[in-house]
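Descriptive structure summary
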Amino acid sequence: MSFRSFDKFCEKLILTEPGSEKEILDERQKIVRTKIIAETLLIFAFAEMLNCIIMDYFYKWAESYSPPLLLILMACLIYYIIRNAAQGSYVGINGNFARKVTSVTIILIAVLNITRHAFDLADGGILTDGALSDAFLFAVSFALLAVCGVISLVVLRSIDKADSSKIEEKEERS
């Protein structure tokens, strides 16, 4: 068995495994995705450092430090999804179905957590001692997570439409 046929055999074995569609990225997508990840992490670290400085030395605008961390993380996640979608590296050569399942799961988790924190919010209110309450910030963070799932589904839908139009275009030519 040659290396080429062994590679094809391994690729077939990996990709035809039921229920686990592996995402395959080309080299350009890997490079672009790596750059965007580094950029997003740099933005997250800077924003979180700035938040800690503001909360320690100027004004403690949140009840504790964890909810603002999650809020900044969700904003960076939205930025990451939008940047990858704009650069064409959000979805690899395949892997759309797995991404769709993940996006729907994210939306479900976000809605359940928003509901949970909404009940906490009803008990405690938005403000606690002049600062935003943890329940409110967690609810906003999970709302942003739901937005991430919706954006992901919209991007995947537009990619599916573009792929289907390319297939129809090829069929018309032949």
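Going by the structure above, here's the rest.
First, a word on what this report is: a plain description of the structure on this page. (Residues numbered from 1 in each chain as written. Predicted model: local features only at pLDDT ≥ 70, side-chain atom pairs only at ≥ 80, totals over all residues. Heavy atoms only, no water.)

A tally of helices and strands in the protein chain yields five helices and two strands. Taken from N to C terminus, the helices and strands of the protein chain fall in the order α-α-α-α-β-β-α. Each of the 174 residues in the protein chain was classed as buried or not, and the buried ones make up 27%. A fraction of 77% describes how many contacts in the protein chain between residues 6 or more apart in sequence connect residues 24 or more apart. Total accessible area on the protein chain stands at roughly 11500 Å², and carbon and sulfur atoms take up 68% of it. (Helix = DSSP H or I, 4+ residues; strand = E, 2+ residues; numbered from the N terminus. Buried < 20%, exposed > 50% of the residue type's maximum accessible area, 1.4 Å probe, protein only. Contact = heavy atoms within 4.5 Å. Areas by Shrake-Rupley, 256 points an atom, 1.4 Å probe, with all protein chains shown as cover.)

Moving on to helix H5 (residues 134-173). Helix length check: H5, at 40 residues, gives a terminal C-alpha distance of 59 Å against a target of 58 Å (1.5 Å per residue), a fit within 8%. Taken as a whole, H5 has its buried residues at Ala135, Leu137, Ala139, Ser141, Phe142, Leu145, Ala146, Cys148, Gly149, Ser152, Val155 and Leu156. (Expected span 1.5 Å × (residues − 1).)

Positive phi outside glycine occurs at Asp129, with the angle close to 55°. Along the polypeptide, Asp129 turns up in the loop between strand E1 (127-128) and strand E2 (131-132). Residue class for Asp129 comes out exposed when judged on its relative accessible area of 82%.

With that settled, consider the side chain of Ser103. In this fold, Ser103 is placed in helix H4 (residues 96-124). Not counting residues within four places of it along the chain, the set of residues in contact with Ser103 comprises Gly149, Ser152, Leu153 and Leu156.

On the surface, Phe46, Met49, Leu50, Ile53, Ile54, Tyr57, Phe58 and Tyr59 cluster together into a nonpolar patch covering about 900 Å² of accessible area. Tracing the chain through its elements places Phe58 in helix H2 (residues 27-58). (Patch = residues over 30% accessible without salt bridge, like charges linked within 9 Å, V, L, I, M, F, W, Y side chains within 5 Å. Salt bridge = Lys/Arg side-chain N within 4 Å of Asp/Glu carboxyl O.)

To continue, consider the packing of H4 against H5. Closest axis-to-axis distance for the H4/H5 pair is 8 Å, and the angle between their directions is 160°. Here H4 is positioned roughly antiparallel relative to H5, judged by the angle of their axes. As for how H4 packs across H5, the hand of that crossing is left-handed. Each residue belonging to the contact of H4 with H5 can be placed in one class, and the counts come to 18 nonpolar, six polar and five charged. (Axes fitted to C-alpha atoms, helices over the stretch in contact; angles between N-to-C directions. Parallel < 35°, antiparallel > 145°, perpendicular 65-115°, else oblique. Left-handed = near helix turned anticlockwise from the far one by under 90°. Nonpolar A, V, L, I, M, F, W, Y, C, P; charged D, E, K, R; others polar.)

A separate point is the pattern of salt bridges. Where charged atoms of side chains with opposite charge meet at close range, the side chains can pair. This structure, assessed with the given rule, holds three salt bridges. Here Glu27 and Lys30 are joined by a salt bridge, their closest N and O atoms 3.7 Å apart. Taken together, the positions of Glu27 and Lys30, both in helix H2 and three residues apart, correspond to about one turn of that helix. Among the ionic pairs, Lys100 bridges to Asp160, the shortest N-O distance being 2.4 Å. Pair noted here: Lys100 is in helix H4 and Asp160 is in helix H5, with a separation of 60 residues, a long-range link. Looking at Asp160, the relative accessible area reads 22%, which means it is partly exposed.

Attention now moves to the nonpolar core. Counting residues in hydrophobic clusters, the biggest one holds 10 residues: Val32, Ile36, Ile78, Tyr80, Ile81, Tyr90, Val91, Cys148, Val155 and Leu156. Elements with a contribution of two residues or more to this core: H2, helix H3 (66-87) and H5. If near-sequence neighbours (up to four positions away) are discounted, Ile36 is found in contact with Tyr80, Arg83, Asn84, Gln87 and Ser89. (Core = buried A, V, L, I, M, F, W, Y, C linked by side-chain atoms within 4.5 Å.)

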